[in-house]
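For reference, the chains in residue letters:
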Amino acid sequence: MTAPRLEVLTIGNAIVDVIANADDAFLAEQGLDKASMRLIDEAEAVRLYGLMGPGREISGGSAGNTAAGLAALGIRTGFIGQVASDELGDIYKHDIESQGIDFLVTPRGDVGATARCLILVTPDAQRTMNTFLGAAQKLSREAFDIEAVADAAIVYLEGYLWDPEVPRAAMEAAIEIARGAGRKVAFTLSDSFCISRHRADFLRLIDEGKIDILFANEAEIGEMGGTSDFEAAVATFAAKVPTLVVTRSEKGAIAIRGGERVDVPAEPIERLVDTTGAGDLFASGFLAGVARGLDLETSLRLGAIAAAEVIQHYGARPEKDLRVLAGDLIK
């Protein structure tokens, strides 16, 4: 097997985040469940945007955020996600490439508007996401080169992109390409919303042995296992995937591989500002450790460091130098 050109390739929704403060009363008025994610159409995106307070536009999307964290840690990274040939699409492509990430999909003029996520952050730092998928849901199998997928040591996919039929087929194809090339496939469950809609598909991928590294948070692993017993859910999926990673917010995170279990605490922070991207950046740190052949504990610690950095400011992309924060943990 030839050495891969990329250490990690991420595939997901190419979304521009619009982040604004809101209070619980506003969420209640709009019928929004705090800390949830919902899909909206373009009309609702326009309506809600008109009611939001002043916002910041920041390139986001779960897998795109993970790519940004990986690149910040010095990992050779690529990203596959569909944008339109419009202003937000140009912004997204520029943001990705400016971080040294290979953007591997050509913007198109026949896919509607570039996706955006309207994120409402309450005073407790919880984020409520309202996502218009736009062009992101038009990512097709024809949009990327087989060799780009086969030439990555780890291919990381986000569950959020599983909802529309066209990108779901593209992701299934990417999984087959990666496995055929002898590469690792990592998958994040993304949100309990995704699991409620696609649990059978996610279980099929796991049961067919197509996932090498599974990422979940505490709520998601319980939803997948159909139980409120955390340890029972963990035991179920630790037996099904080579590596299981579960984040637990302020309680830290665990990873299980080959019978070895490691628990690490959350990194201390000065102030919690916005939890947007915490799981995405945790995945960055962990995957960076895997890409460099580091042990489970070190990989988990890198994840905790990256997640701690991103929750102390608005937006889901790192602002401080992650390599400096990681110190001697990664070279």
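Residue positions are given per chain, counted from 1 along the sequence in the order it is written. This being a predicted model, a pLDDT of at least 70 is required before a residue's local features are given, and a value of 80 or more before pairs of side-chain atoms are given or counted; all residues contribute to the totals for chains, interfaces and linings. Water and hydrogen atoms were dropped before computing side-chain values, which therefore reflect all heavy atoms in the structure.

- Under an unreviewed UniProt entry, the name given to the protein is Adenosine kinase, and the source organism is Sphingomonas rhizophila.
- If you open the UniProt record of the protein and go to Sequence similarities (unreviewed entry), you find "Belongs to the carbohydrate kinase PfkB family." UniProt positions are given in the numbering used here, feature names are shortened, and annotations may be inferred rather than shown by experiment.

## Remarks on the pairing of strand 7 (residues 115-121)
Then, in step 1: For strand 7, a buried count of six out of seven residues is recorded, marking the element as mostly surrounded by other parts of the structure.
Then, in step 2: Following DSSP output, two strands are said to pair if at least two bridges run between them. Helix numbering and strand numbering both begin at the N terminus, where a helix is a DSSP run of H or I of at least 4 residues and a strand a DSSP run of E of at least 2. Two strands pair when backbone bridges link them, and strand 2 (residues 15-21) and strand 7 are joined in this way by seven bridges, in the parallel orientation. Residue valine 16 lies in a different strand from strand 7, and its bridge partner there is arginine 116.
Then, in step 3: With six bridges joining them, strand 7 and strand 8 (residues 127-132) adopt antiparallel strand pairing. Looking across to strand 8, one finds that arginine 116 is bridged to phenylalanine 132.
Then, in step 4: What sits between strand 7 and strand 8 in their antiparallel hairpin is a turn of five residues, with alanine 125 showing a positive phi close to 75 degrees. Remark: exposure states derive from per-residue accessible area (1.4 Å probe, protein chains only) relative to the maximum for the residue type, with buried under 20%, exposed over 50%, and partly exposed in between.

## Overview of helix 6 (residues 165-180)
Then, in step 1: Along its 16 residues, helix 6 runs 23 Å from first to last C-alpha, staying within 8% of the 22 Å computed at 1.5 Å per residue.
Then, in step 2: Of all the positions in helix 6, only Pro167, Ala170, Met171, Glu172, Ala174, Ile175, Ile177 and Ala178 are classed as buried.
Then, in step 3: Note on contacts: a residue pair is in contact if any heavy atoms of the two residues lie within 4.5 Å. Turning to helix 6, the residues buried within the fold contact strand 1 (6-11), helix 5 (146-150), strand 9 (152-158), strand 10 (184-188) and helix 7 (192-207).
Then, in step 4: One or two residues past the end of helix 6 sits glycine 182, with phi positive at roughly 75 degrees. A helix is expected to span 1.5 Å for every residue after the first.

## Comments concerning the UniProt feature "domain: Carbohydrate kinase PfkB" (unreviewed entry) in the protein
Then, in step 1: According to UniProt, the positions carrying the feature "domain: Carbohydrate kinase PfkB" (unreviewed entry) are residues 57-318.
Then, in step 2: Between the first and last C-alpha atoms of residues 57-318 the distance is 15 Å; the span itself is 40% helix and 21% strand.

## Things to note about the pairing of strand 1
On a regular strand, each side chain points to the face opposite its neighbour's, so the side chains alternate between the two faces of the sheet.
Then, in step 1: Burial analysis of strand 1 places six of its six residues in the buried class, the great majority of the element.
Then, in step 2: Here strand 1 runs beside strand 9; their pairing, made up of five bridges, is parallel. Directly across from leucine 9, in strand 9, lies its bridge partner valine 155.
Then, in step 3: Judged from the four bridges that link them, strand 1 and strand 5 (residues 77-80) form a sheet pairing that is parallel.

## A short note on the side chain of threonine 247
Then, in step 1: The topology assignment puts threonine 247 in strand 12 (residues 243-247).
Then, in step 2: Contact partners of threonine 247, with chain neighbours within four places excluded, come to Ala216, Asn217, Glu218, Gly252, Ala253 and Phe282.

## Brief notes about the sheet that holds strand 6 (residues 102-103)
Then, in step 1: Taken in spatial order, the nine strands of this open sheet run 6-5-1-9-10-11-12-13-14, and their pairing is mixed. Edge strands, defined here as strands with exactly one partner in the open sheet, are strand 6 and strand 14 (260-264).
Then, in step 2: Direction of pairing for strand 9 relative to strand 10: parallel, over a ladder of five bridges. Along strand 10, the bridge assignment pairs valine 155 with valine 185.
Then, in step 3: Each axis is a line fitted through C-alpha atoms, and for a helix only the stretch in contact is used; angles between axes span 0 to 180 degrees, taken between their N-to-C directions. Helix 6 contacts strand 1, strand 9 and strand 10 of the sheet and is inclined by roughly 160 degrees relative to strand 9.

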